[in-house]
There are 4 protein chains.
Amino acid sequence: MSDLTGLSLPGIPDRLFIRGDVPMTKEEIRVITLSKARLEPGMVVWDVGSGTGSISVEAARMTPGGKVYAVERSPEGCRLTSENCTRFSVDNVEVVAGSAPEALVRLPRPHRVFVGGTGGNMKAILEEIKVKLMPGGRLVINAVTLETITSALNFLKDGWETEIVQVSISKSQLMGASRLMKAYNPVFIIAAWGWS
Amino acid sequence: MSDLTGLSLPGIPDRLFIRGDVPMTKEEIRVITLSKARLEPGMVVWDVGSGTGSISVEAARMTPGGKVYAVERSPEGCRLTSENCTRFSVDNVEVVAGSAPEALVRLPRPHRVFVGGTGGNMKAILEEIKVKLMPGGRLVINAVTLETITSALNFLKDGWETEIVQVSISKSQLMGASRLMKAYNPVFIIAAWGWS
Amino acid sequence: MSDLTGLSLPGIPDRLFIRGDVPMTKEEIRVITLSKARLEPGMVVWDVGSGTGSISVEAARMTPGGKVYAVERSPEGCRLTSENCTRFSVDNVEVVAGSAPEALVRLPRPHRVFVGGTGGNMKAILEEIKVKLMPGGRLVINAVTLETITSALNFLKDGWETEIVQVSISKSQLMGASRLMKAYNPVFIIAAWGWS
Amino acid sequence: MSDLTGLSLPGIPDRLFIRGDVPMTKEEIRVITLSKARLEPGMVVWDVGSGTGSISVEAARMTPGGKVYAVERSPEGCRLTSENCTRFSVDNVEVVAGSAPEALVRLPRPHRVFVGGTGGNMKAILEEIKVKLMPGGRLVINAVTLETITSALNFLKDGWETEIVQVSISKSQLMGASRLMKAYNPVFIIAAWGWS
């Protein structure tokens with residue numbers, strides 16, 4: 001995989017990941033999401049709803065000496081996350097098969113938490129995260145449905161500091177001899193911290 | 001078709017049109033595009049690349065006593081444009097089967113011109129429009145490819161006044177129990193006038 | 001005002017309205033908002049938070065024989081709404097000075113309701129609208145703050161049908177010899193109906 | 001500056017930079033722009049139109065053992081770039097006061113080039129970059145005006161491979177008791193490589 005040379009910085013191109021039918025955080029969204037987490041070496045990170053594992057892989061590379069727990073309920077997502085860790089030679093990710101919030105209960109307390117796909121349990125998941133997040137910790141939620149956006153905003157009303165960014169991306173794609181600007185669905189990236 | 005009652009104003013819902021595999025100007029883009037043309041009763045209108053005919057149908061309803069020439073090279077597009085005129089009881093649209101710019105040569109001079117899909121002949125089409133557009137006329141281009149955008153902007157450099165708007169739309173769509181905000185491709189709506 | 005000739009269709013250019021420091025619904029957003037209301041002649045329309053009156057003026061022109069109640073709590077907004085009605089020769093708008101929901105109580109039941117600026121009373125305003133909206137009526141909310149979006153979505157959970165569109169516009173603006181694409185703030189346009 | 005601790009990864013918050021009236025690449029745009037460059041240690045980087053120096057500072061931190069040439073014609077931009085290098089303890093940036101393309105002529109050949117503000121000389125600047133870019137090099141252009149977009153796309157027609165992304169960001173901002181989603185102007189991020 002010579003085309004991976006030098007890709008130690010965030011922003012691994014989407015096409016380098018092994019993908020199934022599982023939704024994937026696009027590279028442009030991923031680099032913003034990762035930057036909002038303010039990752040540091042040695043940190044414990046939860047990636048709730050890891051999907052293909054693209055966030056887990058990049059977060060693991062950005063936290064040497066740390067550990068990323070990739071929580072994913074679909075067997076295909078678990079398999080893809082593992083395969084992508086192997087593909088990018090990442091050895092500090094532990095795939096946790098199971099549904100959140102139940103699967104979160106036995107994990108070590110995190111410094112950073114990413115929340116992506118949640119299967120509709122957002123409120124319960126955020127309650128568990130609130131209990132476990134380390135002092136000074138940060139939570140970054142990627143929301144693409146109205147339900148996730150409103151659940152997250154309703155939950156974060158009291159006692160959290162937040163920064164909310166909506167990102168809309170379109171990317172050139174050949175269509176005959178022309179390049180169509182193809183839109184990706186907009187993502188709300190909600191960073192939260194300061195809860196105590 | 002009782003659900004059409006009262007829909008004499010622009011913004012006919014997309015789902016009410018008969019559609020094939022032909023691309024369609026979405027209703028939110030369509031109402032902006034139509035408003036930029038400043039249509040008036042009795043006008044001659046060209047709709048170059050009419051597709052399903054959604055712009056032609058609405059323009060025809062907004063120009064009583066006028067005439068809309070729907071120029072379309074694909075047989076399916078011609079058929080859909082005709083069927084949608086029937087569906088919405090519009091009788092002032094003439095479907096012109098053929099490729100622009102050739103198909104434009106024999107048409108009456110227009111007060112207003114819409115340009116949508118152009119099959120890559122943008123420059124020649126705009127040259128023909130420049131020759132034929134009536135004094136005080138307006139041209140409205142919907143561009144979704146980089147090639148159309150740059151051709152249009154390069155062409156409109158000299159002697160035209162322009163207003164350029166980019167519109168990005170996303171619309172709620174049920175995905176399980178959640179509503180995904182699904183993005184449509186962004187459209188540049190380029191209005192031009194004042195050439196003489 | 002010869003430049004108004006023929007502007008009987010929606011999409012009056014922003015620059016033609018008399019404006020103060022009051023926020024204004026931009027013309028591209030306005031035409032979409034109006035189209036979602038499916039206005040018809042003779043209807044009773046509420047415009048809650050009329051601001052400069054741009055929605056009221058256009059809605060009034062689109063509902064001949066009907067009546068638009070422009071509810072606005074700021075004296076400057078009331079004055080601008082009145083001045084713009086005069087400017088566009090609209091005589092079926094009544095400016096209602098006062099805060100919603102109190103100011104809504106004594107108004108005739110509406111067929112259509114627009115909600116724009118609400119000063120934070122969204123929930124109480126929507127409760128009043130739910131009580132008064134005529135059977136078969138439609139409600140169209142323009143939301144630019146997270147608070148308005150979440151209040152509206154929380155309120156509309158039960159028993160309403162909704163269509164939610166987010167619109168992002170950028171418009172060319174001269175900056176030296178170049179044209180900057182200047183962004184307007186994104187607007188959620190929430191159409192709701194079917195409550196009974 | 002204890003709040004800088006740990007910020008060795010890209011995405012330094014905008015508010016940490018010293019800013020004047022000079023336009024600045026917002027952090028969300030910046031992390032995408034940087035990721036598209038595929039920076040590696042030891043590289044020579046040009047930042048043409050460095051503005052506040054935010055791209056130069058981050059690129060310098062991402063290319064240890066390399067060198068970033070921050071080319072900027074405004075005295076205030078030069079001063080801000082220097083001050084921000086000091087603020088973030090970056091010592092591998094050289095500020096080059098002068099206008100491109102003239103100021104580029106005497107610089108070492110680059111592995112990577114960022115092009116931001118260009119003062120309208122885009123074509124001449126790109127010609128110079130084409131001559132000097134090292135084999136295997138990458139060029140990343142941030143374009144916010146129609147003139148820059150069309151110049152760049154016209155120039156890159158022949159012999160380059162490109163990836164073009166448009167990014168629209170809005171960010172929450174307190175407005176009274178509500179949070180407005182405030183839009184930033186959309187940016188085209190054009191990555192080009194493979195020219196030989």
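Going by the structure above, here's the rest.
Before going into details, it helps to say that this report is about the structure given with it. Just so we're clear, the structure is a prediction, and the values are computed from it rather than from any experiment.

A few points about the overall build of chain A
Here is step 1 of the chain: If you tally the helices and strands in chain A, you get five helices and eight strands.
Here is step 2 of the chain: The order of α-helices and β-strands along chain A, N terminus first, is α-β-α-β-α-β-β-α-β-α-β-β-β.
Here is step 3 of the chain: Taking 16 Å as the expected radius of gyration for a compact globule of 196 residues, we find that chain A reaches 16 Å, a close match to that expectation.
Here is step 4 of the chain: Within chain A, the fraction of its 196 residues that count as buried is 60%.

Let's talk about helix 1 (residues 27-37) of chain D
Here is step 1 of the chain: With 11 of its 11 residues buried, helix 1 of chain D lies for the most part within the structure.
Here is step 2 of the chain: Following helix 1 of chain D by one or two positions, R38(D) adopts a phi angle in the positive range, close to 50°.

Structural notes on the interface of chain A and chain D
Here is step 1 of the chain: With 32 residues of chain A at the contact, the number on the chain D side is 32 residues.
Here is step 2 of the chain: Buried area between chain A and chain D, both sides added, is near 2,600 Å², and the carbon and sulfur share of it is 55%.
Here is step 3 of the chain: There are eight salt bridges connecting chain A and chain D.
Here is step 4 of the chain: Residue K171(D) is joined to E163(A) by a salt bridge in which the shortest nitrogen-to-oxygen separation is 3.8 Å.
Here is step 5 of the chain: Counting every contact that joins chain A to chain D gives 13 residue pairs in polar contact (both at pLDDT 80 or more).
Here is step 6 of the chain: Sorting elements by how many residues they give to the side of chain A that touches chain D places strand 6 (residues 161-175) of chain A first, with 11 residues.
Here is step 7 of the chain: Within the side of chain A that touches chain D, the residues separate by chemical class into 15 nonpolar, nine polar and eight charged.
Here is step 8 of the chain: Looking at chain direction, strand 6 of chain A and strand 6 (residues 161-175) of chain D are connected through seven bridges and run antiparallel.

Comments concerning the relation of the copies chain A and chain D
Here is step 1 of the chain: Superposition of chain A onto chain D requires a rotation of 180° combined with a translation of 0.0 Å along the rotation axis, giving an RMSD of 0.0 Å. Interpreted geometrically, this transformation is the action of a two-fold axis. Relative to the rotation axis, the closest C-alpha in chain A is found at S168(A), a distance of 2.5 Å.
Here is step 2 of the chain: Interface overlap between copies is the fraction of interface residues in one copy that are interface residues in the other; for chain A against chain D it reaches 100%, indicating a shared surface.

With respect to the interface of chain C and chain D
Size of an interface, as often reported, equals the accessible area lost when the parts are brought together.
Here is step 1 of the chain: Facing the 17 residues of chain C at the interface are 17 residues of chain D.
Here is step 2 of the chain: Summed over both partners, the interface of chain C with chain D comes to about 1,500 Å²; 58% of that surface belongs to carbon and sulfur atoms.
Here is step 3 of the chain: Summed over the shared surface of chain C and chain D, the number is two salt bridges.
Here is step 4 of the chain: We note a salt bridge from R179(D) to E147(C), for which the minimum N-O separation is 2.9 Å.
Here is step 5 of the chain: Sorting the residues of the side of chain C that touches chain D by element identifies helix 5 (146-155), strand 6 (161-175) and strand 7 (178-183) of chain C as the ones contributing at least two each.
Here is step 6 of the chain: Per element, the largest residue contribution to the side of chain C that touches chain D is six residues, and it comes from strand 7 of chain C.
Here is step 7 of the chain: The residue inventory of the side of chain C that touches chain D, partitioned by class, reads nine nonpolar, five polar and three charged.

Quick word on the environment of R38(D)
Here is step 1 of the chain: Locating R38(D) in the fold gives a position in the loop between helix 1 and strand 1 (44-48).
Here is step 2 of the chain: A relative accessible area of 16% means that R38(D) is categorised as buried.
Here is step 3 of the chain: Taking C-alpha positions, R38(D) is 8.0 Å from R138(D), a pair spaced 100 residues apart along the chain.
Here is step 4 of the chain: A polar atom in the side chain of R38(D) sits 3.3 Å from the backbone oxygen of G11(A).
Here is step 5 of the chain: Looking at R38(D), its side chain comes within polar contact range of the main-chain oxygen of S35(D), at 2.7 Å.

Quick word on unusual backbone geometry
Here is step 1 of the chain: Cis geometry marks the peptide bond from A100(B) to P101(B); its omega dihedral reads 5°.
Here is step 2 of the chain: Of note, S89(C) is a non-glycine position whose phi angle comes to about 55°, a positive value.
Here is step 3 of the chain: Structurally, S89(C) can be placed in the loop between helix 3 (75-87) and strand 3 (93-97).
Here is step 4 of the chain: Looking at S89(C), the relative accessible area reads 66%, which means it is exposed.
Here is step 5 of the chain: Even without glycine at this site, R38(D) takes up a positive phi of about 50°.

Looking at the pattern of salt bridges
Here is step 1 of the chain: For the structure on display, the rule yields 58 salt bridges over all chains.
Here is step 2 of the chain: For the salt bridge of K36(C) with E27(B), the shortest nitrogen-to-oxygen distance reads 2.9 Å. Of this pair, K36(C) sits in helix 1 (residues 27-37) while E27(B) sits in helix 1 (residues 27-37), each in a different chain.
Here is step 3 of the chain: Taking the relative accessible area as the measure of exposure, K36(C) reaches 1% and is therefore buried.
Here is step 4 of the chain: Judged by relative accessible area, which is 4%, E27(B) ranks as buried.
Here is step 5 of the chain: Through salt bridges with shared partners, a single ionic network connects E27(A), E28(A), K171(A), K36(D), R38(D) and E163(D).

Overview of the environment of G53(C)
Here is step 1 of the chain: Counting through the fold element by element, G53(C) comes out in the loop between strand 1 (44-48) and helix 2 (54-62).
Here is step 2 of the chain: Remark: the alpha-carbon pair of G53(C) and S82(C), spanning 29 residues in sequence, is separated by 7.6 Å.

Description of the relation of the copies chain C and chain D
Here is step 1 of the chain: If you rotate chain C by 180° and push it 0.0 Å along the axis, it lands on chain D with an RMSD of 0.0 Å.
Here is step 2 of the chain: A shared binding surface is used by both copies, with 100% of the interface residues of chain C retained as interface residues in chain D.

A few points about the packing of aromatic side chains
Aromatic ring pairs are reported here in terms of the distance separating the ring centres and the angle at which the planes meet.
Here is step 1 of the chain: Taken as a whole and assessed by the stated rule, the structure comprises eight aromatic pairs over all chains.
Here is step 2 of the chain: For the pair F17(B) and F88(B), a centre-to-centre distance of 4.9 Å together with 50° between the ring planes defines the contact as tilted. Here F17(B), found in the segment before helix 1, pairs with F88(B), found in the loop between helix 3 (75-87) and strand 3 (93-97); they are 71 residues apart in sequence, far enough to count as distant. In this structure, F17(B) and F88(B) share a single accessibility class: buried.
Here is step 3 of the chain: Centre to centre, the rings of F155(D) and W160(D) are 6.3 Å apart; their planes meet at 50°, and the pair counts as tilted. With respect to burial, F155(D) and W160(D) carry one shared label: buried.

Some remarks on the packing of helix 4 (residues 122-132) of chain A against helix 5 (residues 146-155) of chain A
All names here are of chain A.
Here is step 1 of the chain: Put simply, helix 4 and helix 5 touch, their axes get as near as 10 Å, and they point 35° apart. Note on packing geometry: the crossing formed by helix 4 with helix 5 is right-handed. Contacts from M122, K123, L126, E127 and K130 in helix 4 reach T148, S151, A152 and F155 in helix 5.
Here is step 2 of the chain: Class assignment for the residues of the contact of helix 4 with helix 5 results in four nonpolar, two polar and three charged.

Re helix 5 of chain C
Here is step 1 of the chain: The element helix 5 of chain C is largely enclosed, with a buried count of seven among its 10 residues.
Here is step 2 of the chain: The set of residues buried in helix 5 of chain C consists of L146(C), T148(C), I149(C), T150(C), A152(C), L153(C) and F155(C).

What about the state of the cysteines?
Where two cysteines share a covalent bond between their sulfur atoms, that bond is called a disulfide.
Here is step 1 of the chain: The final tally for this structure, using the stated rule, is zero disulfides over all chains.
Here is step 2 of the chain: For C85(A), which is in no disulfide, the shortest distance to another cysteine sulfur is to C78(A) and amounts to 11 Å.

Brief notes about the pairing of strand 2 (residues 67-72) of chain D
Residues and elements named next belong to chain D.
Here is step 1 of the chain: Within strand 2, five of the six residues are buried, which leaves the element mostly enclosed by the surrounding structure.
Here is step 2 of the chain: Both strand 1 and strand 2 contribute to a ladder of five bridges, which runs parallel. Among the inter-strand pairings, V45 is bridged to a residue of strand 2, identified as V68.
Here is step 3 of the chain: A crossover links strand 1 with its parallel partner strand 2, the connecting element being helix 2 (residues 54-62), and its sense is right-handed.
Here is step 4 of the chain: As defined by bridge partners, strand 2 adjoins strand 3 (residues 93-97) across five bridges and the pair is classed as parallel. Within strand 3, the position partnered with E72 by the bridge is A97.
Here is step 5 of the chain: Handedness of the crossover joining strand 2 and strand 3 through helix 3 (residues 75-87): right-handed.

Reading the values: rules and limits
- Residues numbered from 1 in each chain as written.
- Chains lettered and ligands numbered in written order.
- Predicted model: local features only at pLDDT ≥ 70, side-chain atom pairs only at ≥ 80, totals over all residues.
- Heavy atoms only, no water.
- Helix = DSSP H or I, 4+ residues; strand = E, 2+ residues; numbered from the N terminus.
- Rg over C-alpha atoms; globule rule 2.2 N^0.38 Å.
- Buried < 20%, exposed > 50% of the residue type's maximum accessible area, 1.4 Å probe, protein only.
- Contact = heavy atoms within 4.5 Å.
- Buried area = accessible area lost by both parts, 1.4 Å probe.
- Salt bridge = Lys/Arg side-chain N within 4 Å of Asp/Glu carboxyl O.
- Polar contact = N/O pair within 3.5 Å; in protein donor to acceptor, adjacent residues only side chain to side chain.
- Nonpolar A, V, L, I, M, F, W, Y, C, P; charged D, E, K, R; others polar.
- Pairing = 2+ DSSP bridges.
- Least-squares fit on C-alpha atoms with pLDDT ≥ 70 in both.
- Phe/Tyr/Trp six-rings, centres within 6.5 Å; stacked < 30°, edge-to-face > 60°.
- Axes fitted to C-alpha atoms, helices over the stretch in contact; angles between N-to-C directions.
- Left-handed = near helix turned anticlockwise from the far one by under 90°.
- Disulfide = S-S within 2.5 Å.
- Right-handed = clockwise from strand over helix to strand, strands pointing away.

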